[in-house]
Amino acid sequence: MNQKKEVVHLDAVVVGAGFSGLYMLYRLREAGFSTRVFEAADGVGGVWHKNRYPGARCDNESIDYSFTFSEELFKEWNWSEKFSKQSEILEYLNYVADKFDLRRDIQLNTRIISAHYNEEDNRWTIQTNEGSTLSAKYFISGVGCLSTANVPKFKGLDRFEGKWYHTGNWPKEQVSLKGKRVGVIGTGSTGIQVIPAIAPEVDHLTVFQRTAQYSVPSRNHAYDPEYVRQVKDNFNEFKRKRRYSFGGFPNDIEARPSALEDTPEERDHLYEAAWQKGGVSSFFLETYQDLTANEDANETLSVFIRNKIKNIVHDPETAEKLSPTYYYGTKRPIQDTNYYETYNRDNVSLVDVKANPIMEITPKGIRTTDGEYELDIIIFATGYDAMTGSLFKIDIRGKDNVTLKEKWENGEQTKTYLGIATSGFPNMFMITGPESPSVLSNVPTSIEQHVEWITDCIEYLRDNDIEILEAKEDAEEAWSKHCREVAEATLFTKTDSWYTGANVPGKPRRFLIYLGGVGPYREKCSEIAFKGYEGFSLQ
Ligand code: N01
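Residues numbered from 1 in each chain as written. Predicted model: local features only at pLDDT ≥ 70, side-chain atom pairs only at ≥ 80, totals over all residues. Heavy atoms only, no water.

Overall, antiparallel pairing links the three strands, which are arranged E13-E14-E15 in an open sheet. At either end of the open sheet lies a strand with only one pairing partner, and these are strand E13 (358–362) and strand E15 (371–374). Strand-to-strand twist in this sheet, taken as the mean axis angle between neighbours without regard to direction, amounts to 20°. Where strand E14 (residues 365–368) lies against E15, four bridges are found, and the strand directions are antiparallel. Its bridge partner being in E15, Ile-366 is matched across the sheet by Tyr-373. (Pairing = 2+ DSSP bridges. Helix = DSSP H or I, 4+ residues; strand = E, 2+ residues; numbered from the N terminus. Axes fitted to C-alpha atoms, helices over the stretch in contact; angles between N-to-C directions.)

Below you can see the structure in the form of structure tokens.
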């Protein structure tokens, strides 16, 4: 008998149970909307659930990288170190899920495969991989910007007789690296965490580097309880500063205007102080403001770090290979614990795959143009199909059955309004979507701002009997143009990186992050809401 499947009706469906999905659920539920979160993984936590690779930790300061929507949560949670391990962040997000009783509206092990907008009833029809159908007034993406692994399509990977892993999908069970010949492909933020973490354990580590990277010491340490107490005692001020700052961090310190206004000695003094203090933020907040805007200013810091590499790495040839040439900061800035020092170990070697590209994966290892490297395990630290990859994995269709991918990739440019919405896709919202500050900000700050804005917006629609909210094309065009203009005034667009999509072969080159600052962006979003959602059509 042909049984009709039951359709579950909800106010909102949210994709992903990371920082975004958890908070979105909390807010919508508080506002009285029936909401369900779908998560493909078998636990909450988003990227922090999946990135279990050795050495994984956050390179934003722990206290800053927390929720501030609940003062009680902020005050009762105690981070142990300045830069938390993945396991501690995952513990925190599980704690949040329990504290706010979120789990009863989260369906794990369930992937949203499609979301289609129906113009007849102005609702989204959503399908999951296990065959359920949902109907929701609002479709909200909390998929994250860095959640779809990029495994380069090397010939022969299927014939490899050893084991291979991508860091973004690291298995839950223990991976034994002891005594193994291990190859790591990739030296981004992830590779630079993995390499020193596993080098002491493996028999031999071969690093396959395509682009040499700048990295600064993190100088991680246990938190001083007195410092933590002070921050907690000043919660309101902490929250205010974080929300209205440029990068979403609660800092007082202002970098000096230009590296070119100081003498070389003054500059080196500041750079050395930041190097000794540790952390990427020391360089951006406590040295100069024009490092990513002016080529000559940028070069002063680039030279400083290149000299550090020469001093740390004993073998001059290896030091040379490790010395980057791009503009510092235009790839995601990196911090490390003993990264360059690791190359002084006898069991670590570096292969330059820009000079000698990887030709294929063989049954025994990796063949580059200069020979074969025999390996038991290959670790792909090769990053993500960032910004749009996870959205495109879902068959999202708006008005006239147009897919999001068709709209954004066949058109001349991915266009959004504020990075929250896109024309042709009514009642759909994106948390940290393309053309919002997202990954070039302290992400939890940006997530809180988006979640609160979206909740306020949905409440406004309910209170005013408005059925449909859709970004207008002209408003979207203007926002997108503004984003590009701000980015083009910096050095970011001049370097190949995942910021520009250049890391994924064939992906259109687009810079999809708003660089105008978290505080000004928040004010712009609030102003638009205050003016009755200017730039959106409301019906
Ligand atoms: O990825 P990446 P990631 N052959 O894209 C190389 C966040 N994160 O996972 O530079 C050979 O930065 C590629 O080379 P190249 C953070 O935002 C946060 O390291 O493209 N090599 C590069 O070296 C970060 O930026 C934390 O030439 C290939 C590497 O793989 C983002 O995640 C911690 C290749 C990829 O670097 C992504 O970092 C960790 C190929 N075919 C990560 N393809 C926090 O602390 C790629 N590569 C919050």
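Next up on the list: the UniProt feature "transmembrane region" (unreviewed entry) in the protein chain. Those residues carrying the UniProt feature "transmembrane region" (unreviewed entry) are residues 7–26 in this numbering. Taken end to end, residues 7–26 is 40% helix and 45% strand, and its two terminal C-alpha atoms sit 24 Å from one another. (UniProt positions renumbered as here; feature names shortened; annotations may be inferred.)

For helix H16 (residues 473–488), built from 16 residues, the straight-helix expectation of 22 Å at 1.5 Å per residue is met to within 8% by its first-to-last C-alpha distance of 22 Å. Taken residue by residue, H16 has Ala-475, Glu-476, Trp-479, Ser-480, Cys-483, Val-486 and Ala-487 as its buried positions. Angularly, the buried residues of H16 cover 130° about the axis, an arc narrow enough to put them on a single face. Pointing more than 90 degrees away from the buried face of H16 are the exposed residues Glu-473, Asp-474 and Glu-488. Its buried side turned inward, H16 meets helix H14 (404–410), strand E19 (469–471) and helix H17 (518–530). (Expected span 1.5 Å × (residues − 1). Buried < 20%, exposed > 50% of the residue type's maximum accessible area, 1.4 Å probe, protein only. Arc of directions from axis to C-beta. Contact = heavy atoms within 4.5 Å.)

In this description, a pair of aromatic rings is defined by centroid distance and the angle of the planes. Overall, the coordinates contain 47 aromatic pairs when judged by the stated rule. Consider the rings of Trp-48 and Tyr-65, whose centres lie 5.9 Å apart with planes at 80°: the pair is edge-to-face. Of this pair, Trp-48 sits in helix H2 (residues 47–50) while Tyr-65 sits in the loop between H2 and helix H3 (71–76), placing them 17 residues apart in sequence. Judged by relative accessible area, which is 11%, Trp-48 ranks as buried. Residue class for Tyr-65 comes out buried when judged on its relative accessible area of 10%. Between the aromatic rings of Phe-74 and Phe-238, the centroid separation amounts to 5.0 Å while the plane-to-plane angle is 45°, which identifies the pairing as tilted. Highlighted residues: Phe-74 in helix H3 and Phe-238 in helix H7 (residues 235–244), separated in sequence by 164 residues. (Phe/Tyr/Trp six-rings, centres within 6.5 Å; stacked < 30°, edge-to-face > 60°.)

Here Gln-193 shows up in helix H5 (residues 189–198). The buried category is assigned to Gln-193, whose relative accessible area is 13%. Beyond its immediate sequence surroundings of up to four residues, Gln-193 is in contact with Tyr-53, Pro-54, Gly-55, Ala-56 and Arg-57.

The environment of the ligand is formed by 23 residues, the closest being Asp-59, Thr-190, Arg-210, Thr-211 and Lys-331. Between Arg-57 and the ligand, the recorded distance is 3.0 Å, taken from a backbone N or O atom to an oxygen atom. In the environment of the ligand, an oxygen atom lies 2.7 Å from a nitrogen or oxygen atom belonging to the side chain of Lys-331. In isolation the ligand has 910 Å² of accessible area, and contact with the protein removes 89% of it. Looking at the shell around the ligand element by element, the count peaks at three residues for H5. Of the residues in the shell around the ligand, the class split is nine nonpolar, nine polar and five charged. (Near = heavy atom within 4 Å. Polar contact = N/O pair within 3.5 Å; in protein donor to acceptor, adjacent residues only side chain to side chain. Areas by Shrake-Rupley, 256 points an atom, 1.4 Å probe, with all protein chains shown as cover. Nonpolar A, V, L, I, M, F, W, Y, C, P; charged D, E, K, R; others polar.)

Here the focus is the pairing of E13. Most of E13 is tucked away, with four of its five residues classed as buried. The sheet contact formed by E13 and E14 spans four bridges and is antiparallel. Bridge pairing links Thr-362 to Gly-365 in E14. Taking the residues between adjacent antiparallel strands as the criterion, E13 and E14 are bridged by two residues.

Interface size is often expressed as the accessible area that is lost when the parts come together. The domain architecture assigned to the protein chain consists of domain 1 (8–148 + 385–533) and domain 2 (215–380). Taken together, the contact between domain 1 and domain 2 spans 44 residues of the former and 37 residues of the latter. Summed over both partners, the interface of domain 1 with domain 2 comes to about 3,500 Å²; 54% of that surface belongs to carbon and sulfur atoms. Here domain 1 and domain 2 share three salt bridges between them. With a shortest N-O distance of 3.2 Å, Glu-448 and Arg-242 are connected by a salt bridge. Counting every contact that joins domain 1 to domain 2 gives 28 residue pairs in polar contact (both at pLDDT 80 or more). Elements supplying a minimum of two residues to the side of domain 1 that touches domain 2: H3, helix H15 (443–463) and H17. Residues belonging to the side of domain 1 that touches domain 2 are distributed by class as follows: 15 nonpolar, 15 polar and 14 charged. (Domains from an automatic or database assignment. Buried area = accessible area lost by both parts, 1.4 Å probe. Salt bridge = Lys/Arg side-chain N within 4 Å of Asp/Glu carboxyl O.)

On to unusual backbone geometry. Here Asn-122, not a glycine, exhibits a phi torsion of approximately 55°, which is positive. Mapped onto the elements of the fold, Asn-122 is located in the loop between strand E4 (112–118) and strand E5 (123–128). One non-glycine residue, Leu-418, adopts positive backbone phi at about 65°. One can find Leu-418 in the loop between H14 and strand E18 (428–430). Residue classification places Leu-418 among the buried positions, given a relative accessible area of 0%.

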